[in-house]
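Geometric and topological summary
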Amino acid sequence: MAKVKKFLLDVLTKTILPSKSKVSVVFLKQLSSFLRLLAHEEFKTLLLPVMIKAMLRSPEIALSAVGSILASMFLNLSVYMSDQSKMFLTNLRSKEENTREDEIEGTLALGRQCSIHSRSSVLDLVAPFRTNTLSSAVPLIPSLSKVVDNAVKQSAQVAIVSEAVHAAACLVKIAGVDLATEQSLAELLTLVVDTEKCMFYQEKFLAGAGAAALQSLTSLITTLLISHMDKVGSIPTPMMRSLVISMMSNVQCLLCQKTCWSTLPPD
C-alpha cells in the first residue's frame, strides 16, 4: 500500500497539478478512494505545497483539479483554511468565467471539509430536517420569518441581526421542501441574495458578529450556492467574501478553544 500511495502522490504532484492543461475531473474522481486514505502529514508536506504553487502559477488550469482533490479528502482541512481561502478569493476577480466557477467549486469543497467537523447550534436544530423530513419544519416558518423581519427594521443592531442569520439559515433549508414552500419564501430569498441590501453581508455585521452567527452565515451562503443557484445568478463578490470571512472566523474560534483546553491542568 505504501508503494501505491507514493506512486499516486507522484502522479498528483508531478503530473496532474503541474500540468499545463486542464485535467479531466472524471479522471480525478477515480482517485477519490486513494485521496481518502491520505494522512494530515502527507497532505501538508507533499500535496499542499504543490497545490499552492500550481494555483499561484496558473489558477485557470489548477483550480478545477484542486477543487476536485479537496472534495475527495477525508480530513478536517480547517487548519489549512487561511492559505487556501485567500487564493480562492483572489480568483473571484478573474475575467474568465470558467476560472470564477472553478473558484466557487473549490471554495465550497474547502468549506464542506471544514464544516464537517464544526456545527453551530442552529445547524444542530436544522440537522433533523433532512430532505425527506423538511416538511416537519414548515410550521416554524412564521416564527423564523418574524426574526428576520425584525432584523431588517433594526439592521444596525448586530445582536438582532445575529439572531436573524440563524433564522435565515434555517429558512433557506426549509425552502427546499417543495415548490410551494419555496414560493412562500420568495421574499426572504430575494433579500438574502441581495448583497447590497441584506444586512448579513455588511461590514459592521461581519466585524461584530460572534462565531456562532458567522457559522450560520456559512450555512446560509453554502445552501444558497448549492440549492438556490438560480436565485443567486452571477456570484457576487460580497457574498463569497462573506463566506471566506465567516469560515476563517470559525476556524480561528476552534483553534482558540483547542488552545484553551490544552492549557487546563489534568484532573
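Residues numbered from 1 in each chain as written. Predicted model: local features only at pLDDT ≥ 70, side-chain atom pairs only at ≥ 80, totals over all residues. Heavy atoms only, no water.

1. Here's the deal with the overall build of the protein
Along the backbone of the protein there are 16 helices and zero strands. When each of the 267 residues of the protein is scored for burial, the buried share is 49%. Contacts in the protein between residues at least 24 apart in sequence constitute 69% of all its contacts with a sequence separation of at least 6. Here the protein has roughly 14,000 Å² of accessible surface; of this, 58% comes from carbon and sulfur atoms. (Helix = DSSP H or I, 4+ residues; strand = E, 2+ residues; numbered from the N terminus. Buried < 20%, exposed > 50% of the residue type's maximum accessible area, 1.4 Å probe, protein only. Contact = heavy atoms within 4.5 Å. Areas by Shrake-Rupley, 256 points an atom, 1.4 Å probe, with all protein chains shown as cover.)

2. A closer look at the packing of aromatic side chains
According to the stated counting rule, one finds one aromatic pair in the structure shown. Ring geometry for F200 and F205: centres 6.2 Å apart, planes at 55°, overall tilted. The class of F200 is buried, set by a relative accessible area of 0%. (Phe/Tyr/Trp six-rings, centres within 6.5 Å; stacked < 30°, edge-to-face > 60°.)

3. Side note on the nonpolar core
In terms of nonpolar packing, the biggest core is built from 42 residues, with V148, V192, F200, Y201, L217, L220 and L224 touching the most fellow members. Listing elements by their share of this core, those giving two or more residues are α9 (141-153), α10 (158-174), α12 (186-192), α13 (203-208), α14 (211-227) and α16 (237-263). At 11 residues, α10 tops the list of elements feeding residues into this core. In this structure, I16, L35, M51 and A109 belong to the second largest nonpolar core, which totals 30 residues. (Core = buried A, V, L, I, M, F, W, Y, C linked by side-chain atoms within 4.5 Å.)

4. Description of the environment of A159
On the secondary structure map, A159 appears in helix α10. Spatially, the C-alpha atom of A159 lies 9.3 Å from that of A213, the residues being 54 residues apart in sequence.

5. Digging into helix α5 (residues 59-72)
For α5, spanning 14 residues, the distance from its first C-alpha to its last is 19 Å, which sits close to the expected 20 Å at 1.5 Å a residue. Burial runs high along α5: 12 of the 14 residues are buried. Buried within α5 are the following residues: P59, I61, A62, L63, S64, A65, V66, G67, S68, I69, L70 and S72. (Expected span 1.5 Å × (residues − 1).)

6. Remarks on the pattern of salt bridges
Taken as a whole and judged by the stated rule, the model has five salt bridges. Linking D10 and K6 is a salt bridge whose minimum nitrogen-to-oxygen distance equals 3.2 Å. Of this pair, D10 and K6 are both found in helix α1 (residues 2-16), four residues apart, which corresponds to roughly one turn of the helix. Ionic pairing is found between D230 and K231, a salt bridge with its closest N-O pair at 3.0 Å. Judged by its relative accessible area of 32%, K231 is partly exposed. Salt bridges sharing partners connect three or more residues here, namely K6, D10 and K14. (Salt bridge = Lys/Arg side-chain N within 4 Å of Asp/Glu carboxyl O.)

7. Focus on the side chain of S68
In this fold, S68 is placed in helix α5. Leave out the neighbours within four places in its chain, and S68 touches V25, L28 and K29.

8. Observations regarding the packing of α9 against α10
With their axes 8 Å apart at the nearest point, α9 and α10 run at an angle of 140° to one another. Our classification of the angle between α9 and α10 gives oblique. For the pair α9 and α10, the sense of crossing is left-handed. Between α9 and α10, the residues in contact are I141, L144, S145, V147, V148, N150 and A151 and I160, V161, E163, A164, A167, A168, C170, L171 and I174, respectively. Counted by class, the contact of α9 with α10 contains 13 nonpolar, two polar and one charged residues. (Axes fitted to C-alpha atoms, helices over the stretch in contact; angles between N-to-C directions. Parallel < 35°, antiparallel > 145°, perpendicular 65-115°, else oblique. Left-handed = near helix turned anticlockwise from the far one by under 90°. Nonpolar A, V, L, I, M, F, W, Y, C, P; charged D, E, K, R; others polar.)

9. Overview of the confidence of the model for the protein
When pLDDT is averaged across the protein, the result is 77; 74% of the residues are at 70 or more. The low-confidence segment residues 115-132 (pLDDT under 50) makes 24 contacts with residues lying over four places distant or belonging to another chain. Per-residue pLDDT stays below 50 along residues 251-267; that stretch engages in five contacts with residues further than four places along the chain or on separate chains. (pLDDT = per-residue confidence, 0-100.)

10. With respect to the environment of S246
Mapped onto the elements of the fold, S246 is located in helix α16. Residue classification places S246 among the buried residues on the basis of a relative accessible area of 0%. For the pair formed by S246 and A213, sequence separation is 33 residues and the distance between their alpha carbons is 8.6 Å. Sequence-distant contacts of S246, defined by excluding residues within four places in its chain, comprise L214, L217 and T218. Side-chain polar atoms of S246 contact the backbone oxygen of L243, separated by 2.9 Å. (Polar contact = N/O pair within 3.5 Å; in protein donor to acceptor, adjacent residues only side chain to side chain.)

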